[in-house]
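# Residue-level structural notes
The lines below spell out each chain.
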Amino acid sequence: MSTQNRLRIALQRSGRLADSSLELLARCGLKTMRGKDQLVCVGENLPVDLMLVRDDDVPFLIREGVCDAGIVGFNLAREIELELLGRGEDCGFEIEQTLDFGACRLSIAGPEEAPFRGLGDLSGQRIATSYPATLAWFLREQGISAQIVTLSGSVEIAPRLGTADLVCDLVSTGNTLAANGLIERMEVSQSQAVLLRAKETFIEDRAEVFERMLERMRGVLQVRESKYIMLHAPRAALTDIRRLLPGSEIPTVMPLEGSADRVAIHAVCNENVFWETLEALKAAGASALLVLPVEKMLA
Ligand code: PRT
Ligand code: ZN
């Protein structure tokens with residue numbers, strides 16, 4: 001097959017999103033010739049190739065038409081989109097799907113000892129960040145005038161160095177802020193990994209391959225919490241039992257050989273099934289309860 005027909009997806013080579021991104025594609029059935037140190041990973045069983053790069057390059061590779069899609073944190077996609085917008089340029093990519101990993105938040109934090117009563121206290125302050133466009137957008141939205149100090153790294157030490165009063169940085173556990181004597185004061189935005197796609201129409205068969213990968217990705221995301229539940233129950237308790245099944249579609253009800261008043265019920269529950277639910281089902285007359293993980297799902 002010509003390379004024209006092969007979909008190119010850009011992923012972070014190493015870092016916080018790298019393993020989960022590769023794992024997601026593997027769960028979508030993509031087998032690649034290994035070689036994480038290589039720039040390109042060739043898909044063996046699907047017309048999909050992976051470009052392994054720094055996360056900062058992913059949006060630009062899509063914008064320049066080198067890749068059709070990619071995975072980055074929402075924080076990065078938003079920052080680049082706002083930055084380009086500020087220059088009157090279109091980013092050339094759009095968010096297709098949130099991916100349920102890489103969760104963090106962009107927050108404003110300040111020294112423990114500096115009092116902070118609310119939004120108004122940001123006024124006139126110097127805020128250090130690697131996300132100047134997002135911070136500028138936030139301050140504008142809130143009607144606050146403050147000075148943005150753009151740094152490419154080690155933002156959290158800026159207050160101690162005296163180069164800024166506050167910081168605006170990514171936080172997940174908050175340990176880094178605490179270690180630097182900083183307290184989270186205000187959330188600017190939440191973030192998680194997202195699948196980006198080129199706004200331009202894909203060439204040749206790539207559109208079809210993309211739709212197929214996307215459908216598989218959605219299937220993978222959907223089954224994460226899903227369980228398949230099987231049980232026996234009195235026919236008379238059917239309504240009660242159905243109400244107790246968490247997030248289930250229409251269950252399958254089957255007769256049980258040699259039993260007129262008991263039936264077998266099978267259902268997919270789109271939420272986790274806890275012991276409490278099983279106990280409630282049992283109390284409603286269910287028996288022979290079995291809960292199984294769901295591996296794949298295609299609606
Ligand atoms: O080398 P490359 O350029 O590809 O990687 P990078 O170093 O720029 O990015 P990387 O791997 O650090 O982060 C990639 C993406 O992971 C980010 O863009 C976010 O979308 C997401 N993410 C999730 C995070 C965090 N959690 C996170 N905690 N990115 C950074 N952090 C930082 C945080 O700012 C702090 O300095 O990690 C440190 C630990 O955080 P705490 O709160 O747990 O202490
Ligand atoms: Zn980076």
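You'll find the structure just up there.
Presented here is a report on the structure given in the accompanying data block.

Conventions adopted
Residues numbered from 1 in each chain as written. Chains lettered and ligands numbered in written order. Predicted model: local features only at pLDDT ≥ 70, side-chain atom pairs only at ≥ 80, totals over all residues. Heavy atoms only, no water. Near = heavy atom within 4 Å. Polar contact = N/O pair within 3.5 Å; in protein donor to acceptor, adjacent residues only side chain to side chain. Areas by Shrake-Rupley, 256 points an atom, 1.4 Å probe, with all protein chains shown as cover. 1 Å grid on protein atoms, 1.4 Å probe; cavity = no way out; pocket = protein on both sides within 12 Å on 5 of 7 lines; lining within 4 Å. Sits in = over half its atoms within 2 Å of the grid points. Helix = DSSP H or I, 4+ residues; strand = E, 2+ residues; numbered from the N terminus. Expected span 1.5 Å × (residues − 1). Buried < 20%, exposed > 50% of the residue type's maximum accessible area, 1.4 Å probe, protein only. Contact = heavy atoms within 4.5 Å. Donors = N, O, S within 2.8 Å, 3.2 Å for Na, K, Ca; no water. Pairing = 2+ DSSP bridges. Axes fitted to C-alpha atoms, helices over the stretch in contact; angles between N-to-C directions.

To continue, consider the site of ligand 1. Surveying the vicinity of ligand 1 reveals 21 residues, the closest of which are Arg16, Asn75, Leu170, Thr173 and Thr176. Between ligand 1 and Asp55, the relevant distance is 2.9 Å, taken from an oxygen atom to a side-chain nitrogen or oxygen of the residue. In this structure, Thr176 approaches ligand 1 through a side-chain N or O atom, which is 2.6 Å from an oxygen atom. Bound to the protein, ligand 1 loses 78% of the 830 Å² it would expose on its own. In this structure the site holding ligand 1 corresponds to the largest pocket.

Looking now at helix α7 (residues 206–223). In this model α7 runs 26 Å from its N-terminal to its C-terminal C-alpha over 18 residues, within 8% of the 26 Å that 1.5 Å per residue would give. All buried positions along α7 are accounted for by Arg206, Val209, Phe210, Met213, Leu214, Met217, Gly219, Val220, Leu221 and Val223. Considering only its buried residues, α7 is in contact with β1 (7–12), α1 (18–27), β3 (48–53), β4 (69–73), β5 (93–98) and β11 (193–198).

The next thing to look at is the coordination of the zinc ion (ligand 2). The zinc ion (ligand 2) binds to the protein through Asp55 (OD) and Asp56 (OD), with metal-donor distances spanning 2.0 to 2.1 Å. With a relative accessible area of 22%, Asp55 lands in the partly exposed category.

As a further point, take the sheet that holds strand β15 (residues 287–293). Strand order in the open sheet formed by four strands is β13-β14-β12-β15, and the pairing between neighbours is antiparallel. Only two strands of the sheet have a single partner each, and these edge strands are β13 (252–256) and β15. Mean inter-strand twist for the sheet, computed between neighbouring axes without regard to direction, equals 20 degrees. Relative to β15, helix α9 (residues 275–283) is tilted by about 155 degrees, and along the sheet it contacts β12 (227–234) and β15.

On to the environment of Val155. Its location among the elements puts Val155 in the loop between β8 (147–150) and α5 (158–161). A relative accessible area of 1% places Val155 in the buried class. In the structure, Val155 is positioned 135 residues away from Ser20 in sequence and 26 Å away in space, judged by C-alpha atoms. Apart from residues lying up to four places away in sequence, Val155 is in contact with Ala128, Thr129, Ser130, Val167, Cys168 and Asp169.

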